[in-house]
Amino acid sequence: FKLQAPLYWDVYANLGFNSARICFTCHNFEYQGTAPARDLAWCGLDVEHLDRPDRMRDNSHGRINAVKGAIVYSNIVTTVSPTYALEVRSEGGRGLQDTLKVHSRKFLGILNGIDTDTWNPSTDRYLKVQYNAKDLQGKAANKAALREQLNLASAYPSQPLVGCITRLVAQKGVHLIRHAIYKTAELGGQFVLLGSSPVPEIQREFEGIADHFQNNNNIRLILKYDDALSHCIYAASDMFIVPSIFEPCGLTQMIAMRYGSVPIVRKTGGLNDSVFDFDDETIPMEVRNGFTFVKADEQGLSSAMERAFNCYTRKPEVWKQLVQKDMTIDFSWDTSASQYEDIYQKAVARARAVA
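About the cut-offs
Residues numbered from 1 in each chain as written. Predicted model: local features only at pLDDT ≥ 70, side-chain atom pairs only at ≥ 80, totals over all residues. Heavy atoms only, no water. Patch = residues over 30% accessible without salt bridge, like charges linked within 9 Å, V, L, I, M, F, W, Y side chains within 5 Å. Areas by Shrake-Rupley, 256 points an atom, 1.4 Å probe, with all protein chains shown as cover. Salt bridge = Lys/Arg side-chain N within 4 Å of Asp/Glu carboxyl O. Helix = DSSP H or I, 4+ residues; strand = E, 2+ residues; numbered from the N terminus. Buried < 20%, exposed > 50% of the residue type's maximum accessible area, 1.4 Å probe, protein only. Core = buried A, V, L, I, M, F, W, Y, C linked by side-chain atoms within 4.5 Å. Pairing = 2+ DSSP bridges. Axes fitted to C-alpha atoms, helices over the stretch in contact; angles between N-to-C directions. Contact = heavy atoms within 4.5 Å. UniProt positions renumbered as here; feature names shortened; annotations may be inferred. Expected span 1.5 Å × (residues − 1). Domains from an automatic or database assignment. Buried area = accessible area lost by both parts, 1.4 Å probe. Polar contact = N/O pair within 3.5 Å; in protein donor to acceptor, adjacent residues only side chain to side chain. 1 Å grid on protein atoms, 1.4 Å probe; cavity = no way out; pocket = protein on both sides within 12 Å on 5 of 7 lines; lining within 4 Å. Points joined across faces, edges and corners; volume = space filled by probe spheres on them. Parallel < 35°, antiparallel > 145°, perpendicular 65-115°, else oblique. Nonpolar A, V, L, I, M, F, W, Y, C, P; charged D, E, K, R; others polar.

### Here we look at a nonpolar patch on the surface
Taken together, the side chains of Tyr-12, Leu-15 and Phe-17 make up a nonpolar region of the molecular surface, amounting to roughly 360 Å² of accessible area. Tracing the sequence through the fold places Leu-15 in the loop between helix H1 (4-12) and strand E1 (23-26). On the basis of relative accessibility, which here comes to 59%, the residue Leu-15 falls in the exposed class.

Here you go:
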């Protein structure tokens with residue numbers, strides 16, 4: 001798909017197919033697709049024409065870069081959040097920052113949405129009890145059910161439960177996830193992690209942590225993919241950890257809020273565009289919906305977790321209002337879709353104007 005734009009403008013447009021316009025959306029600029037320049041010939045493309053610094057040649061070595069070609073040749077380039085669009089023009093661009101700066105006028109970020117039919121606590125068939133923002137008793141029932149399922153302690157129903165559902169890779173802040181497990185234990189909460197790692201060393205590390213806590217009835221690590229269980233964790237958890245090093249968009253924080261789990265996140269990428277700190281007095285109270293930290297270190301995460309735990313335990317009515325507010329935020333695709341429609345229509349209008 002990344003070669004569609006060069007193919008269209010260098011081959012098909014010359015055959016008269018020149019009325020369409022191309023939008024390239026890149027979710028994560030870490031994955032770019034490089035290859036020897038000669039491979040372009042297999043696609044019917046002119047190697048000499050494209051193997052140039054201002055076209056498809058990679059910015060750091062002699063191969064061609066498919067994502068760079070898509071950026072250069074597309075009429076519109078988007079990514080999945082406004083903050084990530086800013087980050088990739090600097091060190092987050094993974095070598096493409098200069099290309100993105102050159103083409104910045106056609107580049108923007110649009111925050112992804114979630115599937116609000118799949119992720120809906122009032123209709124979710126995986127839950128023990130379905131519930132909504134006006135009836136949070138169902139959330140408490142799901143918390144009790146998960147505790148029973150995972151053999152977690154249940155003597156104190158109001159004991160805070162922290163959830164984390166993620167791929168265990170460096171991007172997701174594995175050292176901070178590890179710290180969150182121990183910090184939750186220190187603060188007297190419960191922690192449930194669902195996820196696995198494609199990196200053997202990381203998988204082994206978390207298997208070791210799981211073994212360490214196997215006799216602790218407040219910590220559970222389920223090191224696999226389990227869609228049904230993920231729904232139950234969203235519904236049962238009071239707080240949800242997303243301490244990513246970088247995060248193009250992130251959907252788990254949005255899903256967590258829809259299920260009444262308050263997010264604790266690092267301010268990066270789409271997390272910065274969807275979670276606003278509860279204690280930040282520089283923004284209106286109505287948009288404050290979670291707890292955030294800036295530096296990717298244990299101290300920052302600890303501070304955010306401590307603030308969240310304090311609010312949960314000392315101000316239960318304030319916490320309840322925060323949960324209800326989070327559950328009513330619109331994270332559907334409606335807003336994002338209308339933004340995409342708008343840029344598509346503008347691109348087509350410009351094409352017609354020059355036709």
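### Overview of the nonpolar core
One broad rule of soluble globular proteins: the nonpolar side chains tend to lie buried together. Residues Phe-206 and Phe-291 are the most contacted members of the largest nonpolar core, which totals 70 residues. Element by element, the count of residues in this core is highest for helix H12 (residues 298-314), at 7 residues. Phe-24, Val-67, Phe-107 and Phe-246 belong to the second-largest nonpolar core, a separate cluster that totals 14 residues.

### Observations regarding the sheet that holds strand E4 (residues 76-79)
Taken together, 3 strands build an open sheet; the order of strands is E1-E4-E5 and the sheet is parallel. Edge positions in the sheet fall to E1 and strand E5 (107-109), since each of these pairs with one other strand and no more. Neighbour to neighbour, the strand axes of the sheet diverge by 25° on average, direction disregarded. Inspection of the sheet shows E4 paired to E5 by 3 bridges, in the parallel sense. What sits directly across from Val-77, in E5, is Phe-107. On the sheet, helix H14 (residues 334-354) packs against E1, E4 and E5 and is oriented at approximately 170° with respect to E4.

### A short note on the UniProt feature "domain: Starch synthase catalytic" (unreviewed entry) in the chain
In the numbering used here, UniProt assigns the "domain: Starch synthase catalytic" (unreviewed entry) feature to residues 9-101. The span residues 9-101 is 29% helical and 13% strand by assignment, and the distance between its end C-alpha atoms comes to 22 Å.

### Things to note about unusual backbone geometry
Most peptide bonds are trans, and most residues other than glycine sit at a negative phi. Phi is positive for Arg-94, which is not a glycine, with a value near 50°. Along the polypeptide, Arg-94 turns up in the loop between helix H4 (82-87) and helix H5 (97-102). The residue Asn-151 is not glycine, and still its phi comes out positive at about 60°. Here Asn-151 is to be found in the loop between helix H6 (137-150) and strand E6 (161-165).

### Regarding helix H7 (residues 174-186)
Residues spaced three or four apart along an α-helix face the same direction, because each turn holds 3.6 residues. Here H7 spans 19 Å end to end across 13 residues, near enough to the 18 Å set by a 1.5 Å rise per residue. Restricting attention to buried positions, one finds in H7 the residues Val-174, Leu-176, Ile-177, His-179, Ala-180, Ile-181, Lys-183 and Thr-184. Downstream of H7 by one or two residues, Gly-188 has phi in the positive range, about 85°.

### Section: the sheet that holds strand E7 (residues 190-194)
What the 6 strands build is an open sheet, ordered E8-E7-E6-E9-E10-E11; its pairing is parallel. Each end of this open sheet is capped by a strand with a single partner; those strands are strand E8 (219-222) and strand E11 (291-293). Averaged over all adjacent pairs, the angle separating strand axes in this sheet is 15°, with direction ignored. Across the sheet, H7 is in contact with E6, E7, E8, strand E9 (239-242) and E11; its angle to E7 comes to roughly 155°. Running over the sheet, H12 touches E6, E9, strand E10 (262-266) and E11 and is turned about 165° from E11.

### As for the domain arrangement of the chain
Assigned domains of the chain: these are domain 1 (3-113 + 334-354) and domain 2 (136-331). Summarising the inter-unit geometry, the C-alpha centres of domain 1 and domain 2 are found 35 Å apart. Contacts between the two partners involve 13 residues from domain 1 and, on the opposite side, 13 residues from domain 2. Across the domain 1 to domain 2 interface the summed buried area is about 1100 Å²; carbon plus sulfur atoms make up 55%. Along the contact surface separating domain 1 from domain 2 lie 0 salt bridges. Viewed at the interface, domain 2 and domain 1 are joined by 6 residue pairs in polar contact (both at pLDDT 80 or more).

### Here we look at the layout of surface pockets
As a volume, the largest pocket reaches approximately 610 Å³. Along its surface, the largest pocket is lined by 32 residues, and Ile-165, Thr-166, Arg-167, Lys-172 and Thr-252 are the ones closest to its centre. At the level of secondary structure, the elements contributing two or more residues to the lining of the largest pocket comprise E6, helix H9 (227-236), E9 and helix H10 (252-258). It is H9 that contributes the most residues to the lining of the largest pocket, 3 residues altogether.

### Looking at the packing of H12 against helix H13 (residues 316-327)
At a minimum axis separation of 5 Å, H12 and H13 run at an interaxial angle of 110°. Regarding the angle of H12 to H13, the classification is roughly perpendicular. Note on element contacts: H13 touches H12 through Pro-316, Val-318 and Trp-319, opposite Ala-308, Cys-311, Tyr-312, Thr-313 and Arg-314. Broken down by class, the residue content of the contact of H12 with H13 amounts to 6 nonpolar, 1 polar and 1 charged.

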